[in-house]
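Residues per chain, in single letters:
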Amino acid sequence: MTQTTSNPRAVYWGTGRRKTAIARVRLVPGTGKIIINDRPGEEYLQYQAAFLASVKAPLELLGLEDSYDILVRAHGGGLHGQADAIKLGVARALCQLDPSNRGPLKAEGYLTRDPRAVERKKYGLRKARKATQYSKR
């Protein structure tokens, strides 16, 4: 494998989606800060350790958690969907950084978009699948 040296001014982009959340992620050489919608990542994700760990997971897998800052614009959905969208965006940006990162990230499932979304409501039903109670008489 050839090791690429990172350009100190380089910016790597990745877009992540989950449910109705969309996250545009930039990886910038730095110290490991996470900024989401101009707020610190811990504050934006409401100090939930699981969400923060999810966002940092692709960087930790490659041992780059202290080498890059994560700058994010996220909208739509809730915190859980946005955290998963950011994770996918970070993984895609890491593939842009070095194509040899693709193998380990793919093996861990970080490059797979989760296609599950809320099912639409159908006419004649109360919810997507719930029908009115059957009455024989």
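Only a predicted model underlies this, so the values are computations on that prediction, with no experimental measurement involved.

### Comments concerning the overall build of the chain
- A tally of regular secondary structure across the chain gives 4 helices and 5 strands.
- Listing the helices and strands of the chain from first to last along the sequence gives β-β-β-β-α-α-β-α-α.
- What you see for the chain is a C-alpha radius of gyration of 19 Å, clearly larger than the 14 Å of a compact globule of 137 residues, by over 25%.
- Every one of the 137 residues in the chain was classed for burial, and the buried ones make up 34%.
- Expressed as a percentage of contacts within the chain between residues at least 6 apart in sequence, the contacts between residues at least 24 apart total 68%.
- When the accessible surface of the chain is split by element, carbon and sulfur atoms take 50% of a total near 8900 Å².
- Each charge sign in the chain was given a centre, from 25 positive and 12 negative side chains, and these centres are 17 Å apart.

### Some details on the sheet that holds strand E2 (residues 21-29)
- Taken in spatial order, the 5 strands of this open sheet run E1-E2-E5-E3-E4, and their pairing is mixed. The strands lining the two open edges of the sheet, one partner per strand, are strand E1 (12-18) and strand E4 (39-40).
- Looking at chain direction, strand E3 (residues 34-36) and E4 are connected through 2 bridges and run antiparallel. From the neighbouring strand, Ile35 faces E4, where its bridge partner is Pro40.
- Packing against the sheet, helix H3 (residues 79-97) makes contact with E1, E2, E3 and strand E5 (68-75), and its axis sits at approximately 145° to E1.

### Structural notes on the pairing of E2
- Alignment of E1 against E2, held across 7 bridges, turns out to be antiparallel. Each bridged residue has a counterpart across the sheet, and for Trp13 the counterpart in E2 is Arg26.
- Here E1 folds back onto E2 in antiparallel fashion, the turn holding 2 residues, of which Lys19 has a positive phi close to 50°.
- Bridge count for E2 against E5 is 8 bridges, and the pairing is antiparallel. Bridge pairing in E5 places Ile22 opposite His75.

### Side note on the environment of Leu125
- With respect to the helices, strands and loops of the structure, Leu125 is situated in the segment after helix H4 (102-108).
- Contact partners of Leu125, with chain neighbours within four places excluded, come to Lys130 and Ala131.

### Overview of the environment of Val55
- With respect to the element layout, Val55 can be found in helix H2 (residues 49-62).
- Judged by relative accessible area, Val55 falls into the buried class, the value being 0%.
- When residues no more than four places from it in sequence are discounted, the contact partners of Val55 are Ile34, Leu45, Ile70, Ala83, Ile86 and Val90.

### Notes on H2
- End to end, H2 covers 20 Å across 14 residues, agreeing with the expected 20 Å (1.5 Å per residue, within 8%).
- All of the buried residues along H2 are Phe51, Leu52, Ser54, Val55, Ala57, Pro58 and Leu59.
- Where H2 is buried, its residues contact E3, helix H1 (41-44), E5, H3 and H4.
- Just past H2, the residue Gly63 takes up positive phi, approximately 75°.

Here is what the cut-offs are and how they apply
Residues numbered from 1 in each chain as written. Predicted model: local features only at pLDDT ≥ 70, side-chain atom pairs only at ≥ 80, totals over all residues. Heavy atoms only, no water. Helix = DSSP H or I, 4+ residues; strand = E, 2+ residues; numbered from the N terminus. Rg over C-alpha atoms; globule rule 2.2 N^0.38 Å. Buried < 20%, exposed > 50% of the residue type's maximum accessible area, 1.4 Å probe, protein only. Contact = heavy atoms within 4.5 Å. Areas by Shrake-Rupley, 256 points an atom, 1.4 Å probe, with all protein chains shown as cover. Lys, Arg positive; Asp, Glu negative; His and termini not counted. Charge placed at Lys NZ, Arg CZ, Asp CG, Glu CD. Pairing = 2+ DSSP bridges. Axes fitted to C-alpha atoms, helices over the stretch in contact; angles between N-to-C directions. Expected span 1.5 Å × (residues − 1).

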